[in-house]
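Below, each chain spelled out in residue letters.
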Amino acid sequence: MFLIETARLALRRMTTDDAAFIVRLLNQPSFLRFIGDKGVRTEEDARRYIEEGPLASYGRHGFGLFLVELREARTPIGICGLLKRDTLEDVDLGLAFLPEFEGKGFGFEAAEATLGYGYGTLGLEKIVAIVSKDNAASIRLLEKLGLRFEKTLPPTPEGTEILLYVPGGLPSQSMRH
Ligand SMILES: CC(C)(COP(=O)(O)OP(=O)(O)OC[C@H]1O[C@@H](n2cnc3c(N)ncnc32)[C@H](O)[C@@H]1OP(=O)(O)O)[C@@H](O)C(=O)NCCC(=O)NCCS
């Protein structure tokens, strides 16, 4: 049932039953600012988003964004997973948490386990991350995971500068063994 378990968290595939949680998460100010507006306002929108996003990705690539729950309580707190975008050569790490669960180390815990799953279970060679230039929390998290800044990508249509982070430090390299 769970794909990935850590000390405090369990990650599983999303289903359309997670629509109410997805509406909440995708409309948080931090999500809208740092990831973007997916136009998901209703549970019906969210079901479509889950089908066309994560579920389509599981089918096409065998991975995608997973739902992150507190392991004991089974409370959904965020999403974390792997994406293969047409616009990027490599698979990238994506994650977002509800504000009340930020700053507790859950992001690091989920991301570290997801990279381990990607390199170990899936056998991926390289996992990168993209992040808005002004997303200090995410940049700190990526550096803690052992990723390093490689280059600035062309700005989005909204003019946001996006940074590409690539494997380069010890933690993510050691996860390959
Ligand atoms: C980015 C995000 C996933 C981080 O998750 P989190 O659970 O809050 O992160 P953690 O608690 O594991 O902290 C990781 C590191 O970042 C640091 N950090 C957290 N919030 C920070 C902030 N606002 N400014 C600077 N550093 C911050 C932590 O202190 C920690 O570093 P440390 O161990 O050296 O102290 C979370 O803030 C989030 O969901 N943001 C909204 C969506 C988003 O931006 N997603 C990323 C898109 S690339």
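Look up: the structure comes first, before these words.
Heads up: these notes are all about the structure in this document. No experiment lies behind these values; they were computed from the predicted model shown.

### Examining the packing of aromatic side chains
Thought 1: Scanning the model with the defined rule gives 3 aromatic pairs in all.
Thought 2: With a centroid separation of 6.0 Å and 65° between ring planes, the pair formed by F149 and Y165 is classed as edge-to-face. Linking F149 in strand β7 (residues 147-153) with Y165 in strand β8 (residues 162-167), this pair joins segments that are 16 residues apart in sequence.
Thought 3: Look at Y165 and you get buried, because its relative accessible area is 4%.
Thought 4: Each residue in the set Y58, F66 and Y117 is aromatic and connected to the rest through ring pairs, giving one cluster.

### Some points on the side chain of D45
Thought 1: If you trace the backbone, D45 turns up in helix α3 (residues 43-61).
Thought 2: On the accessibility criterion, D45 (18% relative accessible area) is buried.
Thought 3: A distance of 2.8 Å separates a polar side-chain atom of D45 from the backbone nitrogen of R41.
Thought 4: Ignoring sequence-local partners within four residues, the contact set of D45 consists of G39 and V40.

### Observations concerning the environment of G94
Thought 1: With respect to the secondary-structure elements, G94 resides in strand β5 (residues 91-97).
Thought 2: Since its relative accessible area comes to 10%, G94 is described here as buried.
Thought 3: In this structure the C-alpha to C-alpha distance between G94 and T114, which are 20 residues apart in sequence, comes to 9.7 Å.
Thought 4: The contact partners of G94, leaving out residues within four places of it in the chain, are L65, I79, C80, G81 and L83.

### Observations regarding the side chain of D92
Thought 1: By the secondary structure assignment, D92 is in strand β5.
Thought 2: A distance of 2.8 Å separates the side chain of D92 from the side chain of R85, its partner in a polar contact.
Thought 3: Here D92 is in contact with G81, L82, L83, R85, I127, V128, A129 and I130, once residues within four sequence places are set aside.

### Examining the sheet that holds strand β1 (residues 4-5)
Thought 1: If you walk across this open sheet you meet the 8 strands as β1-β2-β3-β4-β5-β6-β8-β7, and the pairing is mixed. Edge positions in the sheet fall to β1 and β7, since each has one partner strand and no second.
Thought 2: As paired strands, β1 and strand β2 (residues 9-13) are joined by 2 bridges and run antiparallel to one another. Within β2, the residue paired with I4 across the bridge is L11.
Thought 3: Contacting β1, β2, β3 (65-70), β4 (76-83), β5, β6 (127-132), β7 and β8, helix α4 (residues 106-121) crosses the sheet at an angle of about 155° to β5.

What counts and how
- Every chain is numbered on its own, with residues counted from 1 as its sequence reads.
- Where local features are concerned, this predicted model is filtered to residues with pLDDT of at least 70; where side-chain atom pairs are given and counted, the filter is 80 or more; whole-chain, interface and lining totals use all residues.
- Only hydrogens and water are set aside when side-chain values are computed; all heavy atoms of the structure are taken into account.
- Any pair of Phe, Tyr and Trp rings, taking the six-membered ring for Trp, is counted once the centres come within 6.5 Å. Such a pair is stacked with planes under 30 degrees apart, edge-to-face with planes over 60 apart, and tilted for the rest.
- A run of H or I in DSSP counts as a helix once it spans at least four residues, and a run of E counts as a strand once it spans at least two, with each numbered from the N terminus.
- Relative accessibility under 20% of the residue-type maximum defines a buried residue, over 50% an exposed one, and the middle range a partly exposed one, all with a 1.4 Å probe and only protein chains included.
- Polar contacts, as counted here, are pairs of nitrogen or oxygen atoms within 3.5 Å of one another; within protein the pair requires one atom able to donate a hydrogen and one able to accept it, and residues that are adjacent in sequence qualify only if both atoms are side-chain atoms.
- Contacts: residue pairs with any heavy atoms within 4.5 Å of one another.
- Two strands are counted as paired when DSSP detects at least two bridges linking them.
- A fitted line through C-alpha atoms serves as each axis, taken over the contacting stretch for helices, and the angle formed by two N-to-C directions is quoted from 0 to 180°.

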